[in-house]
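Given next are the chains, with one letter for each unit.
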Amino acid sequence: MSSSNRTAVPCDAAIYRDDHPVGPMRLPIKEPASFVEEFNRLYRRAGIVIERFERSAASCNPDKKG
């Protein structure tokens, strides 16, 4: 059995498809707001968006919107 050498950290955002959460997401360290803005601009028409969690609500639970 092996384990990851990474430390566990809360998620930064969740991916939604047609207003339903589909999974948690870690955002890039540099310019996360720009990443989210560009992603949503490109994929909103397909019904896919990223919504960022507020730091206090960052629990990796996509059912909880920040």
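Values in this document were obtained by computation on a predicted structure and should not be read as measured data. (Residues numbered from 1 in each chain as written. Predicted model: local features only at pLDDT ≥ 70, side-chain atom pairs only at ≥ 80, totals over all residues. Heavy atoms only, no water.)

Asks: Quick one: what's the story with the sheet that holds strand β3 (residues 48-52), residue by residue and with numbers?
Replies: The antiparallel open sheet is built from three strands, whose spatial order is β2-β1-β3. One side of each edge strand has no neighbouring strand; the edge strands of this open sheet are β2 (20-25) and β3. Put simply, the sheet's adjacent strands are angled 30° from each other on average, direction ignored. Looking at chain direction, strand β1 (residues 13-17) and β2 are connected through five bridges and run antiparallel. Note on β2: the bridge partner recorded for alanine 13 is methionine 25. (Pairing = 2+ DSSP bridges. Helix = DSSP H or I, 4+ residues; strand = E, 2+ residues; numbered from the N terminus. Axes fitted to C-alpha atoms, helices over the stretch in contact; angles between N-to-C directions.)

Asks: Provide a residue-level description of the pattern of salt bridges, including the pertinent values.
Replies: Going through the model one piece at a time under the given rule, you end up with two salt bridges. Between arginine 26 and aspartate 12 there is a salt bridge whose closest N-O contact spans 3.4 Å. Here arginine 26, found in the loop between β2 and α1 (32-43), pairs with aspartate 12, found in the segment before β1; they are 14 residues apart in sequence, far enough to count as distant. The exposure class of aspartate 12 is buried, given its relative accessible area of 10%. Of the charged contacts in the structure, one is a salt bridge between arginine 41 and glutamate 38, with a shortest N-O distance of 2.6 Å. Of the two residues, arginine 41 and glutamate 38 both sit in helix α1, three residues apart, roughly one turn of that helix. Classification of arginine 41 as exposed rests on a relative accessible area of 56%. (Salt bridge = Lys/Arg side-chain N within 4 Å of Asp/Glu carboxyl O. Buried < 20%, exposed > 50% of the residue type's maximum accessible area, 1.4 Å probe, protein only.)

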